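Remarks on the overall topology
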Amino acid sequence: MTVTSRAEWPLYEVFVRGKRGLNHVHVGSLHAADDAMAVLHARDVYTRRNEGVSIWVVRSDDITASSPDEKDPMFAPSGDKVYRHPTFYEIPADVPHM
C-alpha cells in the first residue's frame, strides 16, 4: 500500500443538489485521499447548513470538457433544428423546475 502526502491527494470537483428535483450544481473543489473521503469532506465543507440532499464528487482528471473557444463549431449544428426547442407546446403551470 502506497501512502501519499496531502500535497499528492487528487483534486475533486463537488456538485450539490439543494432540493429533490433540482439539478446538481458545482459548488467547489477539494483534495482527498480517495472517493469516500472526498464525499465526507464535501459534506463537511459544502453542506454545513443543511443545504443539500445529494452530493456528487468527481476526480478533476476524469472530467473532459469542451473549450469556450469552440462554442460556435460545437453548438452551431443544433441551431437549425427548431424542433428541439420547446416552442411548439405549452408547459403546464403545475410542472415544476422547467
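- Looking up the protein in an unreviewed UniProt entry gives the name Ring-1,2-phenylacetyl-CoA epoxidase subunit PaaB, with the organism given as Microbacterium resistens.

1. As for the sheet that holds strand β1 (residues 11–17)
- Taken together, the 3 strands give an open sheet; going across it, the order is β2-β1-β3, and neighbouring strands pair in antiparallel fashion. The outermost strands of the open sheet, each flanked by one partner alone, are β2 (24–31) and β3 (54–59). Each neighbouring strand pair of the sheet contributes to a mean axis angle of 25°, computed without reference to strand direction.
- When β1 meets β2, the two strands line up antiparallel, connected through 7 bridges. If you follow L11 over to β2, its bridge partner there is H31.
- Its contacts with the sheet place helix α1 (residues 35–46) against β1, β2 and β3, and it is angled at close to 130° to β3.

Conventions we followed
In this convention, every chain numbers its residues from 1, walking through the sequence in written order. For a predicted model such as this one, the threshold for reporting local features is a pLDDT of at least 70, and the threshold for listing and counting side-chain atom pairs is 80 or more; totals across whole chains, interfaces and linings nevertheless cover every residue. Heavy atoms from the whole structure form the basis of all side-chain values; hydrogens and water molecules are not counted. A pair of strands is labelled paired if DSSP reports no fewer than 2 bridges between them. Starting at the N terminus, helices and strands are each numbered in turn, a helix being any DSSP run of H or I of at least four residues and a strand any DSSP run of E of at least two. Under this scheme, a helix contributes an axis fitted over its contacting stretch, all axes are lines through C-alpha atoms, and angles between N-to-C directions fall in the 0 to 180 degree range. The contact rule is simple, with two residues in contact once any of their heavy atoms fall within 4.5 Å.

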